[in-house]
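For reference, the chains in residue letters:
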Amino acid sequence: MVEGPAADLGLSDGEWPEPIRSDWSVDRSGEQVTARGEIHATARLDCVRCLKSFDLALEVPVVVHADRAGRGRHPEQEGDLERDDYMRFHDGRQVELGEDVREALLLEVPMAPSCRVDCRGLCPRCGAELNEGPCGCATESRA
Ligand SMILES: [Zn+2]
Ligand SMILES: [Zn+2]
């Protein structure tokens, strides 16, 4: 288990209020290293419907392939990698995972987050928060 503040990954701790944790298993085969991890993080987002901020727990699997720096790979081999995989070179001793973790997390953040699936948002007429009950406009409307 690796745990560290979001700032260590270059992420804002306003948007990532909890420490970012990840579990890794590493397979080594000769010069090649494959690290498989699961990242646990909490993103603080603003609901697009009601505009309130809320925390969204994310669990993101990530696979990092590393090879000794400078050894090179043929492009067609890289094309075989799955979309969610990442290729990195390492210095023979250590695989730098921070950048992969950061990218994987940012990809996982929804473009239009809502605090819950049935968030009713704000009334377009009076701005009341409809999660807390009808504002009165609904009864007047023709719909
Ligand atoms: Zn909402
Ligand atoms: Zn209203």
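So, how was this worked out
Counting from 1, residues in each chain are numbered in the order their sequence is written. A letter from A marks each chain and a number from 1 marks each ligand, given out in the order of writing. With the structure being a predicted model, the display of local features is reserved for residues of pLDDT at least 70 and the display and counting of side-chain atom pairs for 80 or more, all residues being used for whole-chain, interface and lining totals. Side-chain calculation: all heavy atoms of the structure are included, whereas hydrogens and water are not. Every helix listed is a DSSP run of H or I at least four residues long, and every strand listed is a run of E at least two residues long, numbered separately from the N terminus. We call two residues in contact whenever any of their non-hydrogen atoms come within 4.5 Å of each other. In this analysis a donor is any N, O or S atom within 2.8 Å of a metal ion (3.2 Å for sodium, potassium and calcium), and since water is not included, sites may seem incomplete. In short, tetrahedral needs four donors with all angles between 85 and 135 degrees, square planar needs four and octahedral six donors with opposite donors over 155 degrees apart and all other angles between 65 and 115, and whatever is left is irregular. Whether a residue is buried, partly exposed or exposed follows from its accessible area with a 1.4 Å probe, protein chains only, as a fraction of its type maximum: under 20%, in between, or over 50%, in that order. Criterion used throughout: strands pair if DSSP finds at least two bridges between them. Two kinds of site are reported from a 1 Å grid over the protein atoms alone, namely cavities, where a 1.4 Å probe fits but cannot get out, and pockets, open sets with protein on both sides within 12 Å along at least five of seven lines, and residues are called lining when an atom falls within 4 Å of a point. Grid points are joined across faces, edges and corners, and a volume is the space filled by probe spheres set on the points. The residue classification treats Ala, Val, Leu, Ile, Met, Phe, Trp, Tyr, Cys and Pro as nonpolar and Asp, Glu, Lys and Arg as charged. All others, Gly included, are polar. Side-chain atoms alone can form a polar contact between residues adjacent in sequence; in general such a contact is a pair of N or O atoms within 3.5 Å, and within protein one must be able to donate a hydrogen while the other accepts it. Joining through side-chain atoms within 4.5 Å is the link that ties buried Ala, Val, Leu, Ile, Met, Phe, Trp, Tyr and Cys residues into a set, and such a set is a nonpolar core.

The name recorded for the chain in an unreviewed UniProt entry is DUF177 domain-containing protein, from Eiseniibacteriota bacterium.

**Some points on the overall build of the chain**
In terms of helices and strands, the chain carries 3 helices and 5 strands. Written out in order from the N terminus, the α and β elements of the chain read β-β-β-β-α-β-α-α. Sequence separation of at least 24 residues holds for 45% of the intrachain contacts in the chain that already meet a minimum separation of 6.

**As for the coordination of the zinc ion (ligand 2)**
Every protein donor of the zinc ion (ligand 2) is accounted for by C123 (SG), C126 (SG), C135 (SG) and C137 (SG), and the metal-donor separations fall at 2.2 to 2.4 Å. Angles of 106 to 115° at the metal separate the 4 donor atoms of the zinc ion (ligand 2), which places the site in the tetrahedral class. C135 sits in the partly exposed class, given a relative accessible area of 28%. Judged by its relative accessible area of 14%, C137 falls in the buried class.

**Some words on the pairing of strand β3 (residues 32–46)**
In the sheet, strand β2 (residues 20–29) pairs with β3 via 9 bridges, with the strands oriented antiparallel. Looking at β3, one finds that D27 is bridged to T34.

**A word on the coordination of the zinc ion (ligand 1)**
In ideal tetrahedral geometry, four donors around a metal make angles of 109.5 degrees, whereas ideal octahedral geometry with six donors gives angles of 90 or 180 degrees. Coordination of the zinc ion (ligand 1) by the protein is provided by C47 (SG), C50 (SG), C115 (SG) and C119 (SG), with metal-donor distances spanning 2.3 Å. Its 4 donor atoms give the zinc ion (ligand 1) angles of 104 to 114° at the centre, a pattern that matches the tetrahedral case. In the primary structure, the donors to the zinc ion (ligand 1) are separated according to the pattern C-x2-C-x64-C-x3-C. On the basis of relative accessible area, C115 is assigned to the partly exposed category, the value being 28%.

**Things to note about the layout of surface pockets**
There is about 220 Å³ of room inside the largest pocket. Taken together, V2, E3, G4, P5, D8, L9, I20, S22, W24, L97, G98 and V101 form the lining of the largest pocket. Among the elements of the structure, β1 (2–4), β2 and α2 (98–108) are those that each provide at least two residues to the lining of the largest pocket. Residue composition of the lining of the largest pocket, grouped by class: 7 nonpolar, 3 polar and 2 charged.

**Describing the side chain of S22**
Counting through the fold element by element, S22 comes out in strand β2. Side-chain polar atoms of S22 contact the side chain of W24, separated by 2.9 Å. For S22, the residues in contact, after removing those within four places along its chain, are M1, V2, E38 and I39.

**Section: the environment of P17**
Inspection of the secondary structure assignment puts P17 in the loop between β1 and β2. Along the primary structure P17 and A41 are separated by 24 residues, whereas in three dimensions their C-alpha atoms are 8.8 Å apart. Once residues lying within four places of it in the same chain are set aside, the contact partners of P17 are T42, R44 and D55.

**Notes on the nonpolar core**
Formed by 22 residues in total, the largest nonpolar core has its most connected members in L11, W16, I20, I39 and L105. At the level of secondary structure, the elements contributing two or more residues to this core comprise β3, β4 (53–68) and α2. Apart from residues no more than four positions distant in its own chain, I39 is found in contact with I20, R21, S22, L58, E59, V60, V62, V101, A104 and L105.

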